[in-house]
Amino acid sequence: MAANGVPTPKSPLARIVTQKQQNGISHGDGGKTVKAQTIDELHSLQKKKSAPTTPLDGAQGAFAALSDDERQKQQLKSISASLASLTRETGPKLVKGDPAKAQPGARVAHHHHVEAPTISVSDSSLKFTHVLYNLSPGELYEQAIKYEKGSFITSTGALATLSGAKTGRSPRDKRVVCDDTTKDELWWGKGSPNIEMDEQTFLVNRERAVDYLNSLDKVFVNDQFLNWDPKNRIKVRIVSARAYHSLFMHNMCIRPTPEELENFGTPDFTIYNAGQFPCNRFTHYMTSSTSIDLNLARREMVILGTQYAGEMKKGLFSVMHYLMPKRQILSLHSGCNMGKDGDVALFFGLSGTGKTTLSTDNNRYLIGDDEHCWSDAGVSNIEGGCYAKCIDLSKEKEPEIWNAIKFGTVLENVVFDEHDREVDYADKSVTENTRAAYPIEFIPNAKIPCVGPHPKNVILLACDAFGVLPPVSKLTMAQTMYHFISGYTALVAGTEDGIKEPTATFSACFGAAFIMLHPTKYAAMLAEKMQKHGATGWLVNTGWSGGSYGYGSRIKLPYTRKIIDAIHSGSLLNATFEKTEVFGLEIPTEVEGVPSEILRPENTWSDKKAYKDTLLKLGGLFKNNFETFTNYKIGTDNKLTEEILAAGPQF
Ligand SMILES: Nc1ncnc2c1ncn2[C@@H]1O[C@H](COP(=O)(O)OP(=O)(O)O)[C@@H](O)[C@H]1O
Ligand SMILES: C=C(OP(=O)(O)O)C(=O)O
Ligand SMILES: [Ca+2]
Ligand SMILES: [Mn+2]
């Protein structure tokens, strides 16, 4: 042994001196050697045990006052119960940790595993499933890169992934269990996103998903929260087969502290994401190989046949659209931010209209980009992360989002250089719907916790590819309700093969795909809250100006930002307004930093007749769409209902 405790080889090689020591500065390692005798020992030095969490005082939670070992066992029991087969009445045998790291033969002797009672013996009851429980981003990166094709680290450190055949949501494949309760409670039929399935069929799909997951060597389990309002927090468990899905939900849901995780107990809602595995078309109600099934009574969701991760985020949003209104809390498909003086703004809008882009504003605190609750206490974000569109993303126009694409961020379906891994955000080879999912704290001025006081401004965003809606208009309460229920936007589907007609989309409450109750229920709550708290409604067109798609161009983002600034500051309230024909919208004659001529759309059209025709055409589309709602009353206020009906286009 040498003096430093490192064993000396029998015939030591002379140390190679590469450089003379100069000025007393050593360029070698100074003779210091590691405290390991073997490579394995050296490797074991690299990772130290995660710091134990602080002991909890008394009966705080389900698992408080338990030993570490007991707590681990309880956790696995709870997960095994989640994954239980309903036909065999057993949960799988589980063991914690990566199967690749398990010592051969050490499985059964492993500390933290649960044996399930073997009621019916089949091969599945003989095997262990490894649980990768709330892994960190680093651990999930390693899992993704080792085991999931299409996973790469980009030049800025994000995890590039592929979502497979589906690169967007599949609303037509969503099913909701219709039982004695939901039959009366939910919105069914024309215009509703809720397509019924029965309990039995749900169980068939659930069994299919659970059997698939249990057949794997390992599954990922995320235990997390929804809703930053502590009184209305929901515990969710996501069981999935891919590190991509686990990291996506790690970023998008609220991340528990180690203490909160120890006391997690039983989840309020569970997702079984078996997206790699299709549903069976011979199953009743299945019209494709994709199925997203929601069972509110069982508090479960099953995903088969799609790996698009946004399905989980928006599936949970649907659940919140059911649970929150029961507590007199309004759930909102909106972005939300807050000024230095505590003035809160909501940004409603369909996909691609600017919720994420405009709520991310370096002059304001970001509360959230997509899903919120408005309770008697104010607003709260449902999520712990943002999900930004990346197509044509530029550092100059959207620096905060650009900079959020770093280590930890999931980048879906983008194209990058095979060598230097620079992402080409203009490339639509995989899809136009490229996305980045990052924890909200990746935005420098995020407000943590993500809650705020009652909103002062309610901004309805529409991307009007017809180019006839004004860039900004001030709305009366009745107009706000009319446009909220209408939920209009018009995007252009194929952007490349020549000029295409814009198609109008009407989606009630700017999120018909996610609402569970009749739209008028949410509208009545919004009216009541806006009236009570004195909020002002605005309609902002982030779409075309100077003509429809193909003739005009999209309103420049810096102009839209100036308009939004004027709404936030209150200065726009003091503008001079003029009323437009057909839609009867109040438009300001001036907005600081915006050329006045663009504020009145007809000024920007060279063909005035084409403008008028297009305006009337859009008015007609609004009228047709609203017919479904004319027989409904908004809240208890008959007067408001009549006003709303009169607040639409008149011609
Ligand atoms: N004037 C504008 N206002 C808002 N967004 C714009 C504008 N012009 C172009 N865009 C682009 O439109 C997209 C809006 O998408 P996003 O904010 O993600 O919508 P949402 O969150 O509502 O789905 C972004 O890619 C943004 O860069
Ligand atoms: C993820 C979505 O949200 P948005 O496009 O509104 O950002 C979606 O609608 O699938
Ligand atoms: Ca968004
Ligand atoms: Mn959204």
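Each value, and the rule that gives it
- Residues numbered from 1 in each chain as written.
- Chains lettered and ligands numbered in written order.
- Predicted model: local features only at pLDDT ≥ 70, side-chain atom pairs only at ≥ 80, totals over all residues.
- Heavy atoms only, no water.
- UniProt positions renumbered as here; feature names shortened; annotations may be inferred.
- Helix = DSSP H or I, 4+ residues; strand = E, 2+ residues; numbered from the N terminus.
- Buried < 20%, exposed > 50% of the residue type's maximum accessible area, 1.4 Å probe, protein only.
- Pairing = 2+ DSSP bridges.
- Contact = heavy atoms within 4.5 Å.
- Axes fitted to C-alpha atoms, helices over the stretch in contact; angles between N-to-C directions.
- Donors = N, O, S within 2.8 Å, 3.2 Å for Na, K, Ca; no water.
- Salt bridge = Lys/Arg side-chain N within 4 Å of Asp/Glu carboxyl O.
- Near = heavy atom within 4 Å.
- Polar contact = N/O pair within 3.5 Å; in protein donor to acceptor, adjacent residues only side chain to side chain.
- Areas by Shrake-Rupley, 256 points an atom, 1.4 Å probe, with all protein chains shown as cover.
- Nonpolar A, V, L, I, M, F, W, Y, C, P; charged D, E, K, R; others polar.

- The name recorded for the protein in an unreviewed UniProt entry is phosphoenolpyruvate carboxykinase (ATP), from Corchorus olitorius.
- In its Function (unreviewed entry) section, the UniProt record describing the protein reads: "Involved in the gluconeogenesis. Catalyzes the conversion of oxaloacetate (OAA) to phosphoenolpyruvate (PEP) through direct phosphoryl transfer between the nucleoside triphosphate and OAA."
- The heading Sequence similarities (unreviewed entry) in the UniProt record of the protein holds the text "Belongs to the phosphoenolpyruvate carboxykinase (ATP) family."

## Observations concerning the side chain of T580
Then step 1. Note that T580 resides in the loop between β31 (577-579) and β32 (586-588).
Then step 2. Note on T580: relative accessible area 16%, which makes it buried.

## A short note on the sheet that holds strand β22 (residues 435-439)
Then step 1. Ordered by their spatial adjacency, five strands build an open sheet running β4-β5-β19-β22-β18, and the pairing between neighbours is mixed. With partners counted over all chains shown, the strands left at the sheet margins are β4 (152-153) and β18 (385-389), one partner each.
Then step 2. Inspection of the sheet shows β18 paired to β22 by five bridges, in the antiparallel sense. Note on β22: the bridge partner recorded for C386 is Y438.
Then step 3. Its contacts with the sheet put helix α7 (residues 243-252) on β5 (159-161), β18, β19 (410-412) and β22, and the angle it makes with β19 is roughly 120 degrees.

## Some words on the coordination of the manganese ion (ligand 4)
Then step 1. Only K314 (NZ), H333 (NE2) and D370 (OD) from the protein reach the manganese ion (ligand 4) as donors, at distances of 1.8 to 2.8 Å.
Then step 2. Counting along the primary sequence, the residues that act as donors to the manganese ion (ligand 4) give the motif K-x18-H-x36-D.
Then step 3. Metal-to-metal, the separation of the manganese ion (ligand 4) and the calcium ion (ligand 3) is 4.4 Å. In this pair, K314 sits in helix α9 (residues 310-326) while D370 sits in the loop between β15 (365-368) and β16 (371-375), placing the two residues 56 residues apart along the sequence.

## Quick word on the pattern of salt bridges
Then step 1. One pass over the structure, following the stated rule, counts 21 salt bridges.
Then step 2. D68 serves as the salt-bridge partner of R71, at 3.4 Å between the closest nitrogen and oxygen. Here the residue R71 and the residue D68 both occupy positions in helix α2 (residues 68-82), the gap between them amounting to three residues, near one helical turn.
Then step 3. Given the relative accessible area of 53%, D68 is considered exposed.
Then step 4. With its nearest N and O atoms 2.9 Å apart, the salt bridge here joins R206 to E300. Here R206 is found in helix α6 (residues 199-215), whereas its partner E300 is found in strand β12 (residues 300-304), with 94 residues between them in sequence. Judged on exposure class, the residue R206 and its partner E300 are both buried.
Then step 5. What emerges from the salt-bridge pattern is a single network uniting K313, K314, D370, E371 and E383.

## So, the site of ligand 2
Then step 1. Ligand 2 sits among R169, K313, K314, H333, S351, K355, D370, Y387, R435 and F514.
Then step 2. The side chain of K314 places a nitrogen or oxygen atom 2.7 Å from an oxygen atom of ligand 2.
Then step 3. Here an oxygen atom of ligand 2 sits 3.0 Å away from a polar atom, N or O, in the side chain of K355.
Then step 4. Out of a free accessible area of 290 Å², ligand 2 has 94% covered by protein chains.
Then step 5. Classifying every residue of the shell around ligand 2 by side-chain character gives two nonpolar, two polar and six charged.

## What about the site of ligand 1?
Then step 1. The local shell around ligand 1 holds 16 residues, among which G352, K355, T356, T357 and E398 are the closest.
Then step 2. Residue E398 places a side-chain N or O atom 2.5 Å away from an oxygen atom belonging to ligand 1.
Then step 3. One of the backbone N or O atoms of I555 is found 2.8 Å from a nitrogen atom in ligand 1.
Then step 4. Contributions of two or more residues to the shell around ligand 1 are made by α10 (355-359) and α14 (557-569).
Then step 5. It is α10 that contributes the most residues to the shell around ligand 1, three residues altogether.

## A short note on the side chain of E300
Then step 1. Look at E300 and you get buried, because its relative accessible area is 7%.
Then step 2. A distance of 3.3 Å separates the side chain of E300 from the side chain of Y272, its partner in a polar contact.
Then step 3. In terms of polar contacts, E300 uses its side chain to reach the side chain of R298, at 2.7 Å.
Then step 4. Setting aside its immediate chain neighbours within four residues, E300 contacts F202, R206, F269, T270, Y272, D293, L294 and N295.

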